[in-house]
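As a plain string of letters, each chain reads:
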Amino acid sequence: MHAAGGGIVVPNDLASRASKGARDFDEMCTTCHGAPGKERSEIGVGLNPQPPKLEDVGPTWSPSEMFLIVNNGIRMTGMPVFGPTHDDERLWSIKAFAGGLLRMDPDAYAKTLEAAEPDDASDQYPHHYEGAHSHGSGYHHQDK
Ligand code: HEC
């Protein structure tokens with residue numbers, strides 16, 4: 001057994017993953033948090049407490065802290081739980097991208113997004129949410 005704090009292991013290739021997280025970030029986070037050159041949507045503006053701009057607060061969180069926030073959400077706020085719907089690899093990539101926001105102006109943000117790796121999530125990140133499906137039982141080929 002390990003006594004590591006929460007068992008979070010920060011991948012050591014975090015920096016190189018940023019481009020993988022760009023599209024996910026744009027789709028999953030900017031509604032509420034905005035981004036350089038992007039205002040929050042009405043949903044984001046209407047939340048209380050208000051979601052902070054991640055380019056401002058992002059650097060105050062360590063990689064594993066931010067991973068936990070995105071994985072678990074923040075209770076009693078609008079911050080959603082992404083853990084059940086996104087595997088760790090994917091969440092780390094989003095975190096990697098979010099960590100770089102500080103250095104981005106709107107132009108850089110748009111360019112990064114354009115250059116980002118395509119969002120063929122189903123190939124890149126095999127799903128393994130066994131709980132969500134019933135495997136086998138009850139499924140029969142229709143051979144009539
Ligand atoms: C539905 C709205 C919503 C979405 C989508 C959302 N968040 Fe949040 N998030 C919030 C709210 C609201 C808070 C503020 C909670 C508070 O003030 O305690 C928050 C807080 C955070 C914080 C802590 C910031 C701080 O210093 O207080 C981080 C980090 C964060 N979100 C990252 C993300 C990332 C990364 C994504 C995309 C994967 C994301 N959020 C998507 C609503 C959202």
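Predicted, not measured: the structure shown is a model, and the values here were computed from it.

Caption draft 1: The nonpolar core, seen in detail. If you look at the biggest cluster of nonpolar residues, it comprises 18 residues, and the most contacted ones within it are Phe25, Phe67, Val70, Leu91, Ile94, Phe97 and Ala98. Those elements that place two or more of their residues in this core are α1 (18-28), α5 (63-72) and α6 (88-99). When residues in this core are grouped by element, the largest group, 6 residues, is from α6. In contact with Phe67, other than residues within four places in its own chain, are Ile8, Leu91, Trp92 and Lys95.

Caption draft 2: View of the site of the ligand. In the neighbourhood of the ligand, 24 residues make up the surrounding shell, with Cys29, Cys32, Pro49, Pro51 and Met79 lying closest. Put simply, the parts of the chain that give the shell around the ligand at least two residues each are α2 (30-33), α4 (54-57), α5 and α6. A per-class count over the shell around the ligand returns 19 nonpolar, 5 polar and no charged.

Caption draft 3: Fine view of the packing of α1 against α6. Where α1 meets α6, the closest approach of the two axes is 7 Å, and the angle between their N-to-C directions is 95°. In terms of axis orientation, α1 runs roughly perpendicular to α6. For the pair α1 and α6, the contacting residues are Ala18, Lys20, Gly21, Ala22, Asp24 and Phe25 in the first and Arg90, Ser93, Ile94, Lys95, Ala96, Phe97 and Ala98 in the second. In terms of residue class, the contact of α1 with α6 is made up of 7 nonpolar, 2 polar and 4 charged.

Caption draft 4: Looking closely at unusual backbone geometry. Following Asn48, the chain continues into Pro49 via a peptide bond in cis, with omega recorded as 5°. Mapped onto the elements, Pro49 comes out in the loop between α3 (42-46) and α4. Phi at Met76 takes a positive value of approximately 70°, unusual for a residue other than glycine.

Cut-off values and rules
- Residues numbered from 1 in each chain as written.
- Predicted model: local features only at pLDDT ≥ 70, side-chain atom pairs only at ≥ 80, totals over all residues.
- Core = buried A, V, L, I, M, F, W, Y, C linked by C-beta atoms within 7 Å.
- Buried ≥ 20, exposed ≤ 12 C-beta atoms within 10 Å, placed from the backbone.
- Helix = DSSP H or I, 4+ residues; strand = E, 2+ residues; numbered from the N terminus.
- Contact = placed C-beta atoms within 7 Å.
- Near = placed C-beta within 6 Å.
- Nonpolar A, V, L, I, M, F, W, Y, C, P; charged D, E, K, R; others polar.
- Axes fitted to C-alpha atoms, helices over the stretch in contact; angles between N-to-C directions.
- Parallel < 35°, antiparallel > 145°, perpendicular 65-115°, else oblique.

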